[in-house]
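As a plain string of letters, each chain reads:
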Amino acid sequence: MSFGTYARRVRDRNLPYGARYSALRCAVERYMPLGFNATWAYITGRAGNVRTDEAALICALDVLEVSRKARQAELAEFACRRGADKKQRHSRTVMEEEIRYRYGCHWPGPDAHEATLRTVTALWDEHTRLPFPDVPPAPKGGLVELDTSIAGVIWTYLQRKGNLHPDHRRLLRDCLADLRGLRLSFPVSSGFFRLRKMAELIAHDALPLIRLSWAGDAAHIAEVFLAARAQMTGLPHLRSDEQTRAWVSDVMLPASVVWIAELHGRVAGFAALRDDLLEHLYVTPDAQGSGIGTALLDETKKARPGGLGLCVFQQNTGARRFYERRRFTLMEEGDGSDNEENLPDARYRWRGIDEPRQVEPSELNESLTCAFPDVLAHDVTAVVNALPTARHTPSASFRAIVGDDSLTIPARIYNPEPAPEALGGLSPLRRTILHCIYTRHHDGYVRRRHLRQIIGSLEPWVLPYIVYLIGEYVVEIVTDIQTSLGDLNIADSPAHRAFGRFLADNPGLLALIDQRVASYWSCYHRWDFPRLADYPGRLLVTAMRAAATSAGSAPVPGSTRLRRPQPPRAAATIPQTPPS
């Protein structure tokens, strides 16, 4: 029988109550967007005791029907767009990511956020009661890091009562892609399947779907445009609402490439690109601050990796700050003679420096050259060419902004250590580069040995290597860093200023380290440090967040461009306890 038939049986008072109760369970079997158990738990959790209370039984069915209607409307619009694509033949607005989004695990309807939060909370409680699965040694390191990263995102989401931390948006996307790519056998797969389900639910709840527009989106785009412009004070009203809708449909959509941002099943923003000019980027007032503008801007950057220009009104200070924080450079300010509103404007340009340098290594070692600033290219090449050949390709990577450079640093390397006599022929600068590289070694003993050689340096390009080690599970390494950075808590000390400036430019890296610290403490170190606040990693993160806040609120004197490195300061005495 169909969902509608079972729904009618639930409402039929002529049937025995037990039959109506069974009909509700059968209805859930026909529509269970979260899986049977999670869907049943949610609707009965909202309605009450459906086993004996008729009002609760009907309420549970109402909750289910509202979600199902929203799902049907969403898929009907999706089918129309796919049909339009097929008729045009050479046009394709539906991509794989959207298909995954439409048919993935999520709860459609106005109560999507509440359903997501309840389901993730229940899955997390189940997940934390189970030990980490027994994994063969070869892939275990990567799986532990993936588990820790996504667990930190989920834990923070729940601690913030269903609000995803802004710094976790990109991390969530990356981890979800890694989880989808896993090919594991049972029982290891079950734990990561649960993580993937929680990650997909949070992604549907907190991250917008970015897709290409089609003609049927014209009305939604016009509503976003009108709502966003209505909030902007001081703009002349040049067109009526009907004229604006006609302009969107007949002029803007045919002449531009337009991306749509959907959140919770409705259009919440759009970006229009013509050639290399970003002509429009608007987000509805109630959705601003949720990462939609950044997601749309990232999509336009991908489409124009060589550079992107835009124009904003000078009086729109919020938009100007938004673009300047995302590395758009002010090119010129105009008197407004070139725009319809005749208001003073400002022209900005993005040069594509946000993208990490991509390399096509002919040898495994060459992939290390993008882990240092361009100013060190000659010395880095010399060091890399002298390294023993790696046994495997470097594992994963993380990104860091240092001055005007975007670095891509490997998370793990597999080069054997060079012989001690080989270091004698290197200059102090090249030895520091080599020590930085080997802090990413897969062996904890090697990482700790080379950390001791750079821990006293405050060179900007050395700092990401030190900071990333704070998120390690080897507590001895974390303790070494805490011991050596004793003046980090002292305002205006050299370490406070240096780490503050670096982390103010890299808030995402600090957020990643913070959630890894919490996860590793919970998994491995809570017995030695009963309070998270007393764990050395958390103490370091707290001090670094304070330093970053100080650096972000005070002007930084001098240029941000890199100078030639200086020798490291004398390192503090480090205990010789071997890492576990």
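The structure presented is a predicted model; accordingly, all values stated were derived computationally and were not measured.

### Quick word on the overall build of the protein
For the protein, the helix and strand inventory stands at 22 helices and nine strands. Buried residues in the protein amount to 49% of all 580 residues. Counting contacts in the protein only where the partners sit at least 6 residues apart, residues at least 24 apart contribute 68% of the total. Total accessible area on the protein stands at roughly 28,000 Å², and carbon and sulfur atoms take up 52% of it.

### A look at the pattern of salt bridges
Summed over all chains, the structure comprises 40 salt bridges. One salt bridge in this structure joins E98 and R102, with 2.9 Å as the shortest N-O distance. Here E98 and its partner R102 are both found in helix 5 (residues 96-103), four residues apart, which amounts to about one turn of the helix. The two residues E98 and R102 agree in class, both being buried. Linking E472 and R440 is a salt bridge whose minimum nitrogen-to-oxygen distance equals 3.5 Å. On the criterion of sequence distance, the pair formed by E472 in the loop between helix 18 (463-470) and helix 19 (475-484) and R440 in the loop between helix 16 (428-438) and helix 17 (444-454) is long-range, its members being 32 residues apart.

### Observations regarding helix 2 (residues 17-30)
Under the 1.5 Å per step criterion, the end-to-end length of helix 2 is 20 Å for 14 residues, consistent within 8% with the ideal 20 Å. Buried within helix 2 are the following residues: R20, Y21, A23, L24, A27 and V28. All buried residues of helix 2 fall inside an arc of 155 degrees around its axis, so they share one side. Contacts from the buried residues of helix 2 go to helix 1 (3-11), helix 3 (36-47) and helix 4 (54-88).

### Observations concerning the sheet that holds strand 1 (residues 209-212)
Here seven strands make up an open sheet; going across it, the order is 1-2-3-4-5-7-6 and the pairing mixed. Every other strand in the sheet has two partners, leaving strand 1 and strand 6 (329-334) as the edge strands with one partner each. Strand-to-strand twist of the sheet, defined as the mean angle between neighbouring strand axes without regard to direction, takes the value 25 degrees. Direction of pairing for strand 3 (residues 266-274) relative to strand 4 (residues 277-283): antiparallel, over a ladder of six bridges. Considered in strand 4, the bridge of L273 is made with L278. Against the sheet, helix 11 (residues 241-255) contacts strand 2 (257-263), strand 3 and strand 4, and its axis sits at roughly 55 degrees relative to strand 3.

### Describing the nonpolar core
Ranked by size, the top nonpolar core spans 114 residues in total, and within it I43, I437 and I481 carry the most contacts. Not counting residues within four places of it along the chain, the set of residues in contact with I437 comprises L368, F372, V383, V384, L387 and I413. One finds L273, L278, L310 and W350 within the second-largest nonpolar core, a separate group that totals 23 residues.

### Considerations on helix 11
Spanning 15 residues, helix 11 covers 20 Å between terminal C-alpha atoms, matching the ideal 21 Å at 1.5 Å per step. Listed in full, the buried residues belonging to helix 11 are T244, W247, V248, M252 and L253.

### Description of the packing of helix 3 against helix 6 (residues 112-128)
Axis separation between helix 3 and helix 6 bottoms out at 10 Å; the angle between their running directions is 115 degrees. In terms of crossing hand, the pair formed by helix 3 and helix 6 is right-handed. Counted together, A38, Y42, G45 and R46 of helix 3 and E114, A115, R118 and T119 of helix 6 form the full contact between these two elements. Looking at the contact of helix 3 with helix 6 residue by residue, the classes come out as three nonpolar, two polar and three charged.

### Considerations on the pairing of strand 1
Burial along strand 1 is one-sided: the residues L209 and R211 are buried and none of I210 and L212 is. Direction of pairing for strand 1 relative to strand 2: antiparallel, over a ladder of four bridges. Across the sheet, residue I210 finds its bridge partner in strand 2, namely A261.

### A few points about the side chain of H204
Within the fold, H204 resides in helix 9 (residues 188-206). What makes H204 buried here is its relative accessible area of 10%. Setting aside its immediate chain neighbours within four residues, H204 contacts R100, Y101, G104, C105, H106 and H264.

### Focus: the packing of helix 4 against helix 5
Two measures define how a pair of helices packs: the angle their axes make with one another and the distance between the axes. One can describe the packing of helix 4 onto helix 5 by two numbers: an axis separation of 11 Å at closest approach and a directional angle of 155 degrees. It follows from the interaxial angle that helix 4 and helix 5 lie roughly antiparallel. For the crossing formed where helix 4 meets helix 5, the hand is left-handed. Along the contact surface, helix 4 presents R71, E74, L75, E77, F78, R81 and R82, while helix 5 presents E98, I99, R102 and Y103. The residue makeup of the contact of helix 4 with helix 5, split by class, is four nonpolar, no polar and seven charged.

### A few points about the environment of L387
Relative to the elements of secondary structure, L387 occurs in the loop between helix 14 (377-386) and strand 8 (395-402). Taking the relative accessible area as the measure of exposure, L387 reaches 7% and is therefore buried. In this structure the C-alpha to C-alpha distance between L387 and N415, which are 28 residues apart in sequence, comes to 7.3 Å.

### Re the pairing of strand 4
Burial analysis of strand 4 places five of its seven residues in the buried class, which makes it a mostly covered element. The turn joining strand 3 and strand 4, which pair antiparallel and follow one another in sequence, is formed by two residues; a positive phi near 55 degrees is taken by D275. With two bridges joining them, strand 4 and strand 5 (residues 308-313) adopt parallel strand pairing. Note that in strand 5 the partner of L278 across the bridge is L310.

Reading the values: the criteria
Residues numbered from 1 in each chain as written. Predicted model: local features only at pLDDT ≥ 70, side-chain atom pairs only at ≥ 80, totals over all residues. Heavy atoms only, no water. Helix = DSSP H or I, 4+ residues; strand = E, 2+ residues; numbered from the N terminus. Buried < 20%, exposed > 50% of the residue type's maximum accessible area, 1.4 Å probe, protein only. Contact = heavy atoms within 4.5 Å. Areas by Shrake-Rupley, 256 points an atom, 1.4 Å probe, with all protein chains shown as cover. Salt bridge = Lys/Arg side-chain N within 4 Å of Asp/Glu carboxyl O. Expected span 1.5 Å × (residues − 1). Arc of directions from axis to C-beta. Pairing = 2+ DSSP bridges. Axes fitted to C-alpha atoms, helices over the stretch in contact; angles between N-to-C directions. Core = buried A, V, L, I, M, F, W, Y, C linked by side-chain atoms within 4.5 Å. Left-handed = near helix turned anticlockwise from the far one by under 90°. Nonpolar A, V, L, I, M, F, W, Y, C, P; charged D, E, K, R; others polar. Parallel < 35°, antiparallel > 145°, perpendicular 65-115°, else oblique.

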